[in-house]
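# Structure assessment
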Amino acid sequence: MVYRFKLISEEVNGFYRIIDIDPDATFIELRDCVCDATGFSHNDKACFFFCDEDWVREKEISISDNGSYSDQDVYLMDDTRISEIIEDEGDHLSYLFDPENDREFFMELKEIIFGQSADSPVCVKKAGNSPVEKIIIEEPVQDAKANAKQVVSDELDLDFYGEDGYNEDEIESGYNSDDMGEEESGIDI
């Protein structure tokens, strides 16, 4: 028996991949085939989700147990066979390849082929170019920080505390805790 999945992306029109895989293969094997078929890196933060017919995520299948304390079962790619999650034609998966930006491929089990076998997962058909794997931020972080400082400086204005808010004699003489009626704290500075 062979499961035939169709993989698409909402980001690129005309892009799809058709993948044939044995239902007893693990999700790590499916992940490797998806990465090879799209030219993406084998990202350890990427994960699969079993989705309902409206593509609402239900079960997560990840590389490792992230230590969550939820009451949901933890499915690991190395230990979970595809047939444990996917059973019927029309079942949906999403492959979250960019978790930071919530970017994913959508996969549907299009066909169950009886009387055939697949020794290893294979991409049997490709169309279109894959979406860009990583989103590159054009503005360097240093420039963003400088811009934020300028905005704050402009909004606060330089005489935020007022020009007459202090006496220069007080500054030169320093601070004396006895003048304020405070007790010594016992901390040596």
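Residues numbered from 1 in each chain as written. Predicted model: local features only at pLDDT ≥ 70, side-chain atom pairs only at ≥ 80, totals over all residues. Heavy atoms only, no water.

### Digging into the overall build of the protein
Along the protein, the regular secondary structure elements total four helices and eight strands. For the protein, the sequential pattern of α-helices and β-strands runs β-β-α-β-β-β-α-β-β-β-α-α. Within the span of the protein, comprising 189 residues, buried residues form 32% of the whole. Sequence separation of 24 or more characterises 63% of the internal contacts of the protein that already satisfy a separation of 6 or more. Carbon and sulfur atoms make up 45% of the accessible area of the protein, which amounts to about 13100 Å² in all. (Helix = DSSP H or I, 4+ residues; strand = E, 2+ residues; numbered from the N terminus. Buried < 20%, exposed > 50% of the residue type's maximum accessible area, 1.4 Å probe, protein only. Contact = heavy atoms within 4.5 Å. Areas by Shrake-Rupley, 256 points an atom, 1.4 Å probe, with all protein chains shown as cover.)

### What about the sheet that holds strand β4 (residues 57-62)?
Pairing within the open sheet is mixed, and its eight strands lie in the order β5-β4-β3-β6-β7-β1-β2-β8. Looking along the sheet, the strands with just one partner apiece sit at the ends: β5 (75-76) and β8 (122-127). Inspection of the sheet shows β4 paired to β5 by two bridges, in the parallel sense. Bridging from a neighbouring strand, S62 pairs with L76 of β5. (Pairing = 2+ DSSP bridges.)

### Regarding the pairing of strand β1 (residues 2-8)
Pairing between β1 and strand β7 (residues 103-113): seven bridges, direction antiparallel. Paired with I8 across the strands is F106, a residue of β7. Bridge count between β1 and strand β2 (residues 16-21): six bridges; the pairing is antiparallel. By the bridge assignment, I8 is partnered in β2 with Y16.

### Digging into the packing of aromatic side chains
According to the stated counting rule, one finds eight aromatic pairs in the structure shown. The rings of F15, F40, F97 and F105 are connected pair by pair, giving a single aromatic cluster. Geometry around F49 places R57 over its ring, the cationic atom sitting 4.7 Å from the centre. In this structure, K59 is placed above the aromatic ring of F50, and the distance from its NZ or CZ to the ring centre is 5.7 Å. (Phe/Tyr/Trp six-rings, centres within 6.5 Å; stacked < 30°, edge-to-face > 60°. Lys NZ or Arg CZ within 6 Å of the ring centre and 35° of its normal.)

Everything listed is a geometric property; what it means functionally is a separate question.
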